[in-house]
There are 2 protein chains.
Amino acid sequence: MILNKNRLLTPGPTPLPEEVRLALAQDMIHHRKAAFHDILRECEEKLQVLFGTSQPVLPLSCSGSGAMTAAVYSLFTPGEKVLVVNAGKFGERWTKIAASRGLEVLELTVEWGLAVAPEDVEHALDENPDVRGVLVQLSETSTGVLHPVREIGAKMAGRDVLLVVDGVSGVSLCPCPMDEWGIDCLVTGSQKGLMLPPGLALLALSERAWKRCADVTPGCFYFNLPAERKKLEKFETNFTSPVNLLQGLKVSMDMLLADGLDAVFRKQWALTQLTRRAVQAMGLTPFARTNYTWGLTSILLPDGVDGGRIVADCAEKYGAYLAGGQDALKGRIVRLAHMGWLDWSDILAGLYALNRTIIDNGGFCGAHDFLEQGMASYRAALEGEIGVEPPLVHD
Amino acid sequence: MILNKNRLLTPGPTPLPEEVRLALAQDMIHHRKAAFHDILRECEEKLQVLFGTSQPVLPLSCSGSGAMTAAVYSLFTPGEKVLVVNAGKFGERWTKIAASRGLEVLELTVEWGLAVAPEDVEHALDENPDVRGVLVQLSETSTGVLHPVREIGAKMAGRDVLLVVDGVSGVSLCPCPMDEWGIDCLVTGSQKGLMLPPGLALLALSERAWKRCADVTPGCFYFNLPAERKKLEKFETNFTSPVNLLQGLKVSMDMLLADGLDAVFRKQWALTQLTRRAVQAMGLTPFARTNYTWGLTSILLPDGVDGGRIVADCAEKYGAYLAGGQDALKGRIVRLAHMGWLDWSDILAGLYALNRTIIDNGGFCGAHDFLEQGMASYRAALEGEIGVEPPLVHD
C-alpha cells in the first residue's frame, strides 16, 4: 500500500483542482464554432480583470517562454537596444531571447537572491537613451525574488521605453495591475497560479505597445500578435487553439475570481508567511531575505547538506515534490512552491518532509514546533495587512 | 479563493484515489457479458485474499447494513436465539436486525468505549446452550473499539454456534483472516478501507454456514445467498450488479494488494499511533483507552467544549471533516477517521484543525509540538512490531 500521496510543491506545473480536471476531460469542441467562442469570450472578460488591463489578453498555444519570445520578436527589431534585468535563470532567458532576435542587450546584473533596485534601472536608462525596452521578471522563479515592477514602472514614466514583464510565476499570485503600473507587455503561463497544465500562455500589450507592434515585422511566423488580436475580436485564435486548456481556464478563472483577486493574493501571502516562518523556526534561512515572491520560497541549506539529495528524499520518502536550485544554486538551495491548487496542509507536508530529510542527511532540525510556528504566522497573515515585510522573528 | 481543500476524515465514506475515480468514470458495460465476468473473476480472487478465506466472497448491491441483514435473514429462522455483543451503535444494529427477523436476542451489553471480554462471550454461551449464533462487530465504529474477534473465535471452537462478524470498519484496515479465526460470516462495505463510494457490500460464509443457509428459507427476497453463490460461479450477481463500483473495486484491490496486506495494516497501525500520540500531546484522551480500532480514533473532548461545534468549525474553518459522537456520545467525543485514500499529511491537517478549534472554543491546546510528537510515533510504528499496545507516553 502506498504510504504517501504525491504532493506537487514545484514552481510549475502545480496541482489541479478537481473542477478543472473534469473540465479538461470534456470531449472536444471545434475552435471555430460558437461553443468555443462563448468560452473564449468568458475567459477574456476575466483575464482582463486578472491582468488589470482594458486591452485584450491574447491566449497563445505555447509555454511561458513562447510568450516571452513572442513579446521580444513582436516589439523590437534587430539592432535595437534593450535593457535586461538579469537576477537569475529567467533574467538570463530574456538575454538569450533578445540576442536570438539580434537585439543589442545591455544587462543589469543583480546578485542571485536580490531584487533589482529601481534606481539602478533609472540610472541605466539615463546613461543609455537609445534603450527601447526594459525586460524584467515580476517573479524570478530561480531565486524566489520579487522585482519591484511597480517602482520600475514609476521610474520609467514619461520615457519612450517599453516595460516588458515576465509574469510567469507572479501573475495570479501577487498583485500586478498592468495598466496602473505602466506595464507595456505582460506575459504569463497556465501552469503556475492559474491551476492548469502547461501549454497555454497569455500575453497583453499596452496601447503604445500595440502601436510599436504595428511597425515591427514579426520575427517569427508563429508569433503574430496583430493577427492574434484580430482573431480574438471573433473570440478565436490565429492558429488551432489549445481547446481543453481554455475549457479549463474558464473554470479556474471562475474559482480565482469567486471572492475577488484580493482573496487570492491574501492566501498567497499567508502561505508565504507560513513557509518562511517555519523555515526560520527550523534554523534555516530563506534565500531571498526580502523582496520574496509569493508563490515559492527558496531555502538555503545548511553546509554539507546536498540539495539534490534532499529533493530526492522528500519525494521518495514523503511524496513531497520540491524543486532544487538551478545553475549556480544547484545543490545549495531547495525551492518549496506554494502555488496552484494547494492549501496550508499541503505546505505543512512539504515542510515536514524538508525538516526530516535534512535531519536524516546529517543536518539540524531547529524547534520541534516549527509547524505550529508557521501556522501562527499563517493565521496572523490571514487577518493582517498583506504585502508588508514582517519582522524576522525567531522564538 | 478557497483557503482550504476539503479533507474527508470521516469513518466512511472516505476519499477516493484518482485511479479509482477514473475507473468509476468509465462508460457502462453490461453485467451479463464477458467483459464484466472478467472483472468479477479478478475481484473474486483478490477478495478471497482480503477475507482470508477459500470460500466465495459475494458482492451485494447494498450498504453494509444490507449485508448485515442478509446474514441474519439467511442464517437464522424466526424463534432462534442469538447472542449480540452490544457495545455501541452498531452492536445495537445487530439487535434491531435480529429482532426484525423474529429472533430471540440475548444481549451482552458492554460499556461504550470498552471491548467485550472473550470470557464473557464464553460464559454467556455456557449459560445459554440454545444460542445459535454470536453477532459482533470487528470494529465498533461509534466508539472506536476493536473487539477481540480472534479470541472470541477461539472460545467458540467446538460449539455448533455461528460466529457472525460485522467487519464494515475493520476489514482491510486490520487483520481479520476469516478461515483462520473461525469466523462463519464476515461482511464489509465498500466505503471504508476499500476506497470506494458506498453501495457495494461483500459477504462470505464458512462451509458450515453455507450448510446452515441451505436449511433456512431466506427471510427477504432480495437477500438470497445461495442464489448469489450460484450466479457467482458464472461471475455474475443474482440481480443487477453495481457495475462501476466493481470496476472501481478491481482497481482498489490492485492498490491494496500491491505490496501485500501486511503493508496495508502497517500503514493503518502507524496512522493510528500518529493520531493517538498527537491527541495525547494535546492533553486529550482517546475514548478507547485500549482495544482501539485501526481506522479511526475517538477522542474525548474537554468538559465544556461541544463536539458538535468542534466538528462544524473544523469543516468550516479548515476544511477538515471529522465525525461527532452518536447517541449517548453526541457532543462528548469527536471521531477522526484515518481510513481510505489518506496519508499522514491528511491526518496532520485534521489534528491541527481539531487543536485550533478546541482552543477557539475555550479549550486547551497542550504541547505546541503535538504534530511532531505524533509523527515521531508514526515513524516508529512504520519500523516496529504492529498490533502491540504501545506505552501511553507523555513527553
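Residues numbered from 1 in each chain as written. Chains lettered and ligands numbered in written order. Predicted model: local features only at pLDDT ≥ 70, side-chain atom pairs only at ≥ 80, totals over all residues. Heavy atoms only, no water.

Novice: Let's hear about the packing of aromatic side chains: which residues, and what values?
Specialist: According to the stated counting rule, one finds 16 aromatic pairs over all chains in the structure shown. When the centroid spacing of 5.6 Å and the interplanar angle of 80° are considered together, the rings of A:Tyr318 and B:Trp344 count as edge-to-face. Of this pair, A:Tyr318 sits in helix 12 (residues 307–318) while B:Trp344 sits in helix 13 (residues 344–360), placing the two residues on different chains. For the pair formed by A:Tyr318 and B:Trp344, the shared burial category is buried. Aromatic rings pair up to connect A:Phe221, A:Tyr222, A:Phe223 and A:Phe239 into one cluster. Over the ring of A:Trp210 we find A:Arg229, and its NZ or CZ is 4.4 Å from the ring centre. (Phe/Tyr/Trp six-rings, centres within 6.5 Å; stacked < 30°, edge-to-face > 60°. Helix = DSSP H or I, 4+ residues; strand = E, 2+ residues; numbered from the N terminus. Buried < 20%, exposed > 50% of the residue type's maximum accessible area, 1.4 Å probe, protein only. Lys NZ or Arg CZ within 6 Å of the ring centre and 35° of its normal.)

Novice: Please set out unusual backbone geometry residue by residue, giving values where relevant.
Specialist: For the peptide bond that leads from A:Gly12 to A:Pro13, omega is -5°, which places it in the cis range. The residue A:Pro13 is located in the loop between strand 1 (7–8) and helix 1 (18–24) in this model. Residue A:Asp327 is not a glycine yet carries a positive backbone phi of 50°. When you line up the elements, A:Asp327 lands in the loop between strand 14 (323–324) and strand 15 (333–337). A relative accessible area of 42% means that A:Asp327 is categorised as partly exposed. Even without glycine at this site, B:Asn291 takes up a positive phi of about 50°.

Novice: How would you sum up the layout of surface pockets? Please name residues and give values.
Specialist: The space that makes up the largest pocket amounts to roughly 1300 Å³. Taken together, 38 residues make up the lining of the largest pocket; nearest its centre are A:Lys5, A:Arg21, B:Lys5, B:Arg21 and B:Trp341. Only strand 1 and helix 1 of chain A together with strand 1 (7–8) and helix 1 (18–24) of chain B provide two or more residues apiece to the lining of the largest pocket. A per-class count over the lining of the largest pocket returns 20 nonpolar, 6 polar and 12 charged. (1 Å grid on protein atoms, 1.4 Å probe; cavity = no way out; pocket = protein on both sides within 12 Å on 5 of 7 lines; lining within 4 Å. Points joined across faces, edges and corners; volume = space filled by probe spheres on them. Nonpolar A, V, L, I, M, F, W, Y, C, P; charged D, E, K, R; others polar.)

Novice: Hey, could you go over the pairing of strand 8 (residues 162–166) of chain B for me, with residue numbers and the actual values?
Specialist: Residue and element names in this part refer to chain B. With 5 of 5 residues buried, strand 8 is to be regarded as a mostly interior element. Alternating positions in strand 8 separate into two faces, Leu162, Val164 and Asp166 on one and Leu163 and Val165 on the other, with burial throughout. With 5 bridges joining them, strand 5 (residues 131–137) and strand 8 adopt parallel strand pairing. Following the sheet pairing, glutamine 137 is matched in strand 8 by aspartate 166. Relative to strand 9 (residues 185–189), strand 8 is paired through 3 bridges, and the arrangement is parallel. Considered in strand 9, the bridge of valine 165 is made with leucine 186. (Pairing = 2+ DSSP bridges.)

Novice: Give me the interface of chain B and chain A: which residues, what numbers.
Specialist: If you look at the interface, chain B gives 34 residues, while chain A gives 33 residues. Taking both sides of the interface into account, the surface hidden between chain B and chain A amounts to around 3500 Å²; carbon and sulfur atoms contribute 56%. Taken as a group, B:Met1, B:Leu3 and B:Trp344 account for 23% of the area that chain B buries against chain A, more than any other trio of residues on that side. Two residues, B:Glu372 and A:Arg356, come together in a salt bridge whose shortest N-O distance is 3.8 Å. (Contact = heavy atoms within 4.5 Å. Buried area = accessible area lost by both parts, 1.4 Å probe. Salt bridge = Lys/Arg side-chain N within 4 Å of Asp/Glu carboxyl O.)

Novice: Pulling in residues and values, what's your account of the pattern of salt bridges?
Specialist: Inspection of the entire model under this criterion finds 48 salt bridges over all chains. Across the pair B:Asp254 and B:Lys46 runs a salt bridge whose closest N-O atoms are separated by 2.6 Å. Of this pair, B:Asp254 sits in helix 10 (residues 243–257) while B:Lys46 sits in helix 2 (residues 34–51), and the two are 208 residues apart along the sequence. Taking the relative accessible area as the measure of exposure, B:Lys46 reaches 22% and is therefore partly exposed. Shared partners join several salt bridges into a network, and the residues in it are A:Lys5, A:Arg7, A:Asp343, A:Asp346, B:Lys5, B:Arg7, B:Asp343 and B:Asp346.

Novice: Would you mind going over the sheet that holds strand 8 of chain B in detail, with residue names and values included?
Specialist: All names here are of chain B. What the 7 strands build is an open sheet, ordered 2-10-9-8-5-3-4; its pairing is mixed. Edge positions in the sheet fall to strand 2 (57–60) and strand 4 (104–109), since each of these pairs with one other strand and no more. Here the strands of the sheet are splayed against their neighbours by 20° on average, with no regard to which way each runs. With 5 bridges connecting them, strand 9 and strand 10 (residues 201–205) associate as antiparallel partners. (Axes fitted to C-alpha atoms, helices over the stretch in contact; angles between N-to-C directions.)

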